[in-house]
Amino acid sequence: MINLVRNEMLKLLRKKRLYVIVLIIAFLVPLFTYAQFKEIQDQREKLGNQDWRTVLQQEITDTQNRLSSSRIQDEWRKYLKIRLSQQQYYLENDIDPRAPGAPTFMRIFVENSIDLLLPLLVMVIVADLVSSEASGGTIKLLLTRPVKRWRILLSKYLAMLLSVSFIVLSVAVLSYGISGVVFGYGGWNMPLLTGFSVSGDELITDNVHIVPQWQYILMEFGLVWYVCVIVGTLTFMLSVLLRSTAAVMGIMLASLIAGAILANMVSSWESAKYFFMVNLNLTNYVSGMATPIEGMSLGFSMSVLAVWGIAGFIIAFVTFSKRDIY
Amino acid sequence: MKKYTLTAVSIVSIAASLLWLFGLGWTLQDQFTANEKVEKPREKTESASTEKQDDKLTIVALGDSLTRGTGDADGKGYTGYLTDRLKEKTEQEINLLNSAVKGETSRGLLKQLQQREIQRQAKQADVIVMTIGGNDLFQQGAALESLDMNTINSKRQLYLSNVKKIYTQLRDLNKDAAIYHVGLYNPFSNLPDAKTTSSIVRDWNFQSAETAAEYEDIVYVPTFDLFQLQVESYLYTDQFHPNTEGYKLIAERVASLINFEQEEDES
């Protein structure tokens, strides 16, 4: 089995896809770092004040002012209200949620890329794992070996898991390394609040507690990894079902982007919460953001994702073992 | 060479998988089990500059949409123009903290003053400017709801008792800062009921000024006269908030009241 996985990893590396992914991340991170840097600078200039409390207070006041406007969408109002009470809570506990530093950048970066960017990167790797063998015809060579089919597929699946971990790791390492040049490498022990839950437009703070930033980041990366594995599994299934890599990519791309769009407009269509793509934003539960649909929670989203993942896994293996290859 | 890369990538990936799995497990443990409440880490950060910074002149602005600057084309409001004027007068760096919220009533402001951060700002202030009461009297800037004297009287009683508490609270927080409470003008002075509305606003202003006079260094700044004659040329299109010109008038008036020598002597 180990040799099979080794073999698959070798194929993956030969394709140089992993390097491309790493390059993409290495290119994007400086971009975001610069954007973040600009934002901080801009704020300082505007307020002429470096104290984060003042900055946060100004933000709170701005939000309050926006809330008092009558031409505001209900959705948006709810979001603002929750963010407002959260900021208020941070302020009251004297914690700066955005003290600049490489770890903070890392955190903000993964929080923003969990629902689209990272799944896309994963998809690029996984999409042709099986389908390229089918379209290239090499699948026949692979299946003529005296190895059970499910073992071959499992070795591919494990290789997929490994490369997902590798991608997530490179995001962590690159975002820390590159942004640290600008923001400094400190801030791992900064306290952060987690455990917010949302009900209606109220923020519930019963279970709020402080965790150091390094733990917070580790937790978020765990969630990111989970999401990437699920998206990887689904792409893997499509890759088994379809012979064309382009079709696999197309379908995944469409559903991921649809998820991003849906999350912004499904609040009244409740059963949409069973789609996997509106549940990708797991880090929002840790940081305490408004959910796209009433009644979603970390447990719910993870279960939905798990169900989709397991179903995809089973479909992939059953089809692969039963299918005729010609 | 290739072989080494393969082994290296594989080992790193396996290690990473374990790490992320651990992170995931930790998340589940952390999010789904009850945790003890936040013990507030206040001691170490409390020291964060509640002290006045002597090199800067800190203006804290509180209140409603007037202080926020609703209706001003540049969004500066009178606080912005006031800062501009003061910058011409002095070399000192001026730091403006505007915490005004549109639609704020005296009750809202009183509540806002309970917030730690607002209190901290008030403590730091050299000058406090505020507008409050407009939303108590005029219903959200629409109009006077009724001209019935009884309702207005009861509104005013409520407002006055709130304002008293606001003044007291501000004085408790900051003994030295001069407080400028910018008064009301009558935005309806070109409408049919002008006589009645003007007298109501005048009365309101008078009572407020009386209340302010009970405290040290609280100045009730009249604006009624500024808008009295040409109200329409100083009003924004909503016929309630001042426009840029109107804000500049208010700013000039407040600016002329802020005396630098004194401020510097005190600090």
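A quick note: this is a predicted structure, and the numbers were derived from the prediction, not measured.

Chemist: What's the story with the interface of chain B and chain A in this structure? I'm lost.
Modeler: Interface size is often expressed as the accessible area that is lost when the parts come together. On the chain A side, the residues contacting the 55 residues of chain B number 58 residues. Interface of chain B and chain A: buried area, both sides summed, is about 4,700 Å²; carbon and sulfur atoms make up 60% of it. Applying the counting criterion to the chain B and chain A interface returns 2 salt bridges. There are 9 residue pairs in polar contact (both at pLDDT 80 or more) connecting chain B and chain A. Elements with a contribution of two residues or more to the side of chain B that touches chain A: helix H1 (2-32), helix H2 (42-46), strand E2 (93-98) and helix H6 (116-124) of chain B. Of the residues forming the side of chain B that touches chain A, the biggest block, 24 residues, is contributed by H1 of chain B.

Chemist: Where do I start with the packing of aromatic side chains in this structure?
Modeler: The description of two aromatic rings rests on the distance between their centres and on the angle between their planes. Summed over the entire model, instances satisfying the criterion amount to 21 aromatic pairs over all chains. Seen in terms of ring centroids, Phe138 of chain B and Phe240 of chain B are 5.4 Å apart; in terms of plane orientation they differ by 85 degrees. Their pairing is edge-to-face. Here Phe138 of chain B, found in the loop between helix H7 (134-137) and helix H8 (149-173), pairs with Phe240 of chain B, found in the loop between strand E5 (218-221) and helix H10 (244-257); they are 102 residues apart in sequence, far enough to count as distant. Pairing Tyr159 of chain B with Trp204 of chain B gives two aromatic rings, centres 4.5 Å apart and planes at 25 degrees, and the pair type is stacked. On the criterion of sequence distance, the pair formed by Tyr159 of chain B in helix H8 and Trp204 of chain B in helix H9 (residues 194-213) is long-range, its members being 45 residues apart. Owing to a relative accessible area of 0%, Trp204 of chain B belongs among the buried residues under this scheme. An aromatic cluster is built from Phe32, Phe105, Phe109 and Phe183 of chain A, whose rings are joined through pairwise contacts.

Chemist: How should the environment of Ser161 of chain B be read in this particular structure?
Modeler: All names here are of chain B. Within the fold, Ser161 resides in helix H8. Sequence separation between Ser161 and Val182 is 21 residues; the distance between their C-alpha atoms is 17 Å. Looking at Ser161, its side chain comes within polar contact range of the main-chain oxygen of Leu158, at 3.1 Å.

Chemist: How should I be thinking about a nonpolar patch on the surface in this particular structure?
Modeler: All names here are of chain A. Where nonpolar side chains cluster on the molecular surface, the patch consists of Tyr34, Phe37, Val181, Val182 and Tyr185 and spans about 500 Å² of accessible area. Every element with two or more residues in the nonpolar patch is listed here: helix H2 (17-47) and helix H9 (149-183). In this fold, Tyr34 is placed in helix H2.

Chemist: Looking at this model, I keep getting lost on the UniProt feature "transmembrane region" (unreviewed entry) in chain A. Mind explaining?
Modeler: Taking the numbering used here, the UniProt-annotated feature "transmembrane region" (unreviewed entry) corresponds to residues 18-37, 116-136, 157-185, 223-242, 249-269 and 298-320 of chain A. The distance from the first to the last C-alpha atom of residues 298-320 of chain A is 33 Å, and the span holds 100% helix and 0% strand.

Chemist: Sorry if this is basic, but what is going on with the environment of Lys148 of chain A here?
Modeler: Considering the arrangement of structural elements, one finds Lys148 of chain A in the loop between helix H8 (138-143) and H9. Sequence separation of Lys148 of chain A and Ser321 of chain A is 173 residues, and the distance between their C-alpha atoms is 8.7 Å.

Chemist: Honestly, the packing of helix H4 (residues 77-89) of chain B against H10 of chain B in this entry has me stumped. Any pointers?
Modeler: Packed helices, taken two at a time, are described by their axes: the angle between them and the distance between them. Residue and element names in this part refer to chain B. Interaxial distance between H4 and H10 falls to 8 Å at its minimum, and their mutual angle equals 50 degrees. On the basis of the axis angle, H4 is oblique to H10. You can see that H4 and H10 cross each other, and the crossing is right-handed. Contacts from Gly77, Tyr78, Tyr81, Leu82, Arg85, Leu86 and Lys89 in H4 reach Thr244, Tyr247, Lys248, Ile250, Ala251, Glu252, Val254, Ala255 and Ser256 in H10.

Calculation rules
For every chain, the first residue of the written sequence is number 1, and numbering continues from 1 along that sequence. Here chains are named by letter from A upward and ligands by number from 1 upward, in the order in which they appear as written. The model is predicted, so local features are restricted to residues of pLDDT at least 70 and side-chain atom pairs to those at 80 or more, both for listing and for counting; the totals for chains, interfaces and linings are taken over all residues. Hydrogens and waters are ignored; side-chain quantities use all the structure's heavy atoms. Contacts are residue-level and defined by heavy atoms, with any inter-residue pair within 4.5 Å sufficient. Put simply, buried area is the surface a 1.4 Å probe can reach on two separate parts but cannot reach once they are joined, added for both. We define a salt bridge as a contact between a side-chain nitrogen of Lys or Arg and a carboxyl oxygen of Asp or Glu at a distance within 4 Å. N or O atoms within 3.5 Å of each other form a polar contact, as long as, within protein, one can give a hydrogen and the other can take it, and as long as residues adjacent in sequence are counted only when both atoms are side-chain atoms. Numbered from the N terminus, helices here are DSSP runs of H or I no shorter than four residues, and strands are runs of E no shorter than two. Side-chain rings of Phe, Tyr and Trp, where Trp is taken by its six-membered ring, are said to pair if the distance between their centres is within 6.5 Å; with planes under 30 degrees apart they count as stacked, over 60 as edge-to-face, and otherwise as tilted. Under the scheme applied here, a residue whose accessible area is under 20% of the maximum for its type counts as buried, over 50% as exposed, and between as partly exposed, the area being computed with a 1.4 Å probe on protein chains only. Note that patches include only residues with greater than 30% relative accessible area and no salt bridge, and the join distances are 9 Å for like charges and 5 Å for nonpolar side chains (Val, Leu, Ile, Met, Phe, Trp, Tyr). Only the protein chains shown count as covering a residue, and every accessible area follows the Shrake-Rupley method with a 1.4 Å probe. UniProt positions are given in the numbering used here, feature names are shortened, and annotations may be inferred rather than shown by experiment. In this description, a line fitted to the C-alpha atoms serves as the axis of each element, helices being fitted only across the stretch in contact, and the angle between N-to-C directions of two axes falls anywhere from 0 to 180 degrees. Just so you know how the angles are binned, under 35 degrees is roughly parallel, over 145 roughly antiparallel, 65 to 115 roughly perpendicular, and the rest oblique. Here a crossing is taken to be left-handed if its near helix is turned anticlockwise relative to the far helix by less than a right angle, and right-handed if that turn runs clockwise.

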